[in-house]
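One letter stands for each residue in the lines below.
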Amino acid sequence: MIDRVSETPLSVAEITEGFKSGDEAPFKYGHWEVVRDVCEGISANIWESLTTKQQIDRLCEVIELWPCYATSHHLFQFYVESAQADPVATEHLWGRIVGYLERFGTPQCDALEYVLWVDFFEDQSTCEAAWHGLMCMASDRKVRDRILINAGPVPYVLKKPIYHQMIKFPDEHEALAESLAHSKQDYFGDIDRKDARKLVKRLDLPRSDEFVAYLKDNL
């Protein structure tokens, strides 16, 4: 796949090793263009023949091979430019993202968490739709927690009902504290300080917990 769009082909193994080592040498001669070309479908005639759902799956295939922000960002770009006009494709996209979040600790999950945070949730034109779409799909509590932890920029009014449910269950307090901390700390974070202070007082966590300590010092 990469050979077809690069004048000086690089294998996936070479690219992956470059990421791991921090060595930028393989990418000095415009090879970042490969990312764009691959994600945009390799060649127009192939890309245009795919349905919107198939195009989402093709982008996900690239993320599987090459999990990083440079590839996962194209899911956001594709959503903005094409998928959000198609309810079926949008639902499929949320399902694919939730599938990655279920694989916590993998590079693919990390890449999708980041693109949720800095793209889907920071962009106010996509934030609310992404929030509702993903939370409706998140039947697993761990997935819900990953969404919440990366939802600092999501309007507090949307997070508040979930926070008030979580506070009732001590085993959910750790994720709640982390989500509140991100809501306060993120550059575009959104928080209701008064409500958050009430929740922090009810957290069944030690004062030494890094997120509790941060919230007590900064709310």
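Before any of the text, the structure's been laid out above.
The rules behind each value
- Numbers given to residues run from 1 along each chain, matching the order in which its sequence is written.
- Local features in a predicted model are, by the rule used here, given only for residues with pLDDT of at least 70; side-chain atom pairs are given and counted only at 80 or more, and totals for whole chains, interfaces and linings are based on all residues.
- To get the side-chain values, take all heavy atoms of the structure and skip hydrogens and water.
- A run of H or I in DSSP becomes a helix once it reaches four residues, and a run of E becomes a strand once it reaches two; helices and strands are each numbered from the N terminus.
- By definition here, a helix of n residues has an expected span of 1.5 Å times n minus one.
- Contact between two residues is taken to exist if any of their heavy atoms lie within 4.5 Å; hydrogens are not considered.
- By definition here, a salt bridge exists when the distance from a side-chain nitrogen of Lys or Arg to a carboxyl oxygen of Asp or Glu is within 4 Å.
- Relative accessibility decides the category of a residue: with a 1.4 Å probe and only protein chains considered, values under 20% of the type maximum give buried, values over 50% give exposed, and everything between is partly exposed.
- Each pair of aromatic rings taken from Phe, Tyr and Trp, with Trp reduced to its six-membered ring, is defined by centres within 6.5 Å and is described as stacked if the planes are under 30 degrees apart, edge-to-face if over 60, and tilted in the remaining cases.

**Student:** Describe helix 11 (residues 173-185), listing the residues and the values that go with them.
**Tutor:** The end-to-end C-alpha separation of helix 11 is 18 Å, in line with the 18 Å expected for 13 residues at 1.5 Å each. On its buried face, helix 11 sits against helix 9 (141-149), helix 10 (156-166), helix 12 (193-202) and helix 13 (210-218).

**Student:** Any details on the pattern of salt bridges? Residues and values, ideally.
**Tutor:** Going through the model one piece at a time under the given rule, you end up with 10 salt bridges. In this structure, a network of salt bridges that share partners links the residues Arg 141, Arg 144, Asp 145, Asp 171 and Glu 172.

**Student:** Kindly report on the environment of Tyr 100, identifying the contributing residues and their values.
**Tutor:** Structurally, Tyr 100 can be placed in helix 6 (residues 87-101). Its relative accessible area of 2% is what places Tyr 100 among the buried residues. Along the sequence, Tyr 100 and Val 143 sit 43 residues apart, while their C-alpha atoms lie 9.2 Å from each other. Those residues in contact with Tyr 100 that sit more than four places away from it in its chain are Cys 60, Ile 63, Glu 64, Gln 108, Cys 109 and Leu 112.

**Student:** Can you lay out the packing of aromatic side chains for me, pointing to particular residues and giving the numbers?
**Tutor:** Remark: the centre distance and the inter-plane angle together describe each pair of aromatic rings, the angle taken between the planes. According to the stated counting rule, one finds 9 aromatic pairs in the structure shown. Pairing Tyr 187 with Phe 188 gives two aromatic rings, centres 4.9 Å apart and planes at 85°, and the pair type is edge-to-face. Accessibility expressed as a relative area gives 47% for Phe 188, which makes it partly exposed. One aromatic cluster is present, built from ring pairs that chain together Phe 76, Tyr 79, Trp 94 and Phe 120.

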